[in-house]
Amino acid sequence: MASLEVSRSPRRSRRELEVRSPRQNKYSVLLPTYNERENLPLIVWLLVKSFSESGINYEIIIIDDGSPDGTRDVAEQLEKIYGSDRILLRPREKKLGLGNYIIIMDADLSHHPKFIPEFIRKQKEGNFDIVSGTRYKGNGGVYGWDLKRKIISRGANFLTQILLRPGASDLTGSFRLYRKEVLEKLIEKCVSKGYVFQMEMIVRARQLNYTIGEVPISFVDRVYGESKLGGNEIVSFLKGLLTLFATT
């Protein structure tokens, strides 16, 4: 009788079912790594702790870019500790994972997993296609940077706001949650690399009429390792910004 009652109920859209049945959703966390041997065990532990306490179904996909410092060896040990159903090692060309939502974050501890439940709540409240962490709205902020780095970041974000008018407060951040199908579509459309890629993702999302929610986050400078932002990256960013301005 129960099956008959279910079959007679009106059909609901996929998004309605996702909102009403949050425990059925699975979240795939993508952790791109390069020389993150010291940071990787800590960020994975924090992720597992946050997801376990929140009762969220998850998998963590470590995407190592050929790190010479032994990051992959550490990732393999973590896979043994937490299980291959939770920790997966993938080269860059592999698929996004099994989750219907994808979370992309840095592995250097600058993005704290404690904000992920807020991302998920925000997504469900507004049924957003993308939820982006923002350092420049509400109680968001940056900690551990010197004045030069703060000026560069603020200046880059100011230029993007003036030239691209994206309707989002933090274009250069990389801590985001996406619907899987939305991320796949955006990857098809985006042509940029490096720091410009994050910016183009939001610009293309607006063009395609995807909805974007924001959650204020605290960005903390890395504890171990060195920043990968240098002069070449800044020049590439400016070139990419001008290209986006001319083509969007």
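In what follows, the structure referred to is the one given above.
Here is what the cut-offs are and how they apply
- Residues numbered from 1 in each chain as written.
- Predicted model: local features only at pLDDT ≥ 70, side-chain atom pairs only at ≥ 80, totals over all residues.
- Heavy atoms only, no water.
- Helix = DSSP H or I, 4+ residues; strand = E, 2+ residues; numbered from the N terminus.
- Contact = heavy atoms within 4.5 Å.
- Polar contact = N/O pair within 3.5 Å; in protein donor to acceptor, adjacent residues only side chain to side chain.
- Buried < 20%, exposed > 50% of the residue type's maximum accessible area, 1.4 Å probe, protein only.
- Pairing = 2+ DSSP bridges.
- Phe/Tyr/Trp six-rings, centres within 6.5 Å; stacked < 30°, edge-to-face > 60°.
- Lys NZ or Arg CZ within 6 Å of the ring centre and 35° of its normal.

### Description of the environment of S67
Right, so step 1: Here S67 shows up in the loop between β2 (57-64) and α4 (71-82).
Right, so step 2: Along the chain, S67 and N35 lie 32 residues apart, while their C-alpha atoms are 5.0 Å from each other.
Right, so step 3: Filtering out sequence-adjacent residues up to four positions away, S67 remains in contact with T33, Y34 and N35.
Right, so step 4: Within the structure, S67 has its side chain in polar contact with the backbone nitrogen of N35 (distance 2.7 Å).
Right, so step 5: Within polar-contact distance, the side chain of S67 engages the side chain of D64 at 2.5 Å.

### Quick notes on the pairing of strand β5 (residues 130-134)
Right, so step 1: Among the five residues of β5, five are classified as buried, and the element is accordingly described as predominantly covered.
Right, so step 2: Pairing of β5 with strand β7 (residues 176-179), which is carried by three bridges, proceeds in the antiparallel orientation. Counterpart to I130 in the pairing with β7 is Y178.
Right, so step 3: Note that β5 and strand β8 (residues 212-216) share five bridges and pair parallel. What sits directly across from G133, in β8, is V215.

### Structural notes on the packing of aromatic side chains
For any pair of aromatic rings, the description rests on two quantities: the centre-to-centre distance and the angle between the ring planes.
Right, so step 1: By the definition in use, this model includes four aromatic pairs.
Right, so step 2: Residues Y27 and Y101 carry aromatic rings whose centres are separated by 5.2 Å and whose planes lie at 20° to one another, so their mutual orientation is stacked. One end of the pair, Y27, is in strand β1 (residues 26-33); the other, Y101, is in strand β4 (residues 101-104), with 74 residues separating them in the sequence.
Right, so step 3: Taking the relative accessible area as the measure of exposure, Y27 reaches 2% and is therefore buried.
Right, so step 4: When the ring centre of Y58 is taken as origin, the NZ or CZ atom of R86, which lies over that ring, is 4.2 Å away.
Right, so step 5: One Lys or Arg, R135, reaches over the ring of F219 and ends 5.6 Å from the middle of that ring.

From the geometry alone we can't say anything about function, so treat these as descriptive.
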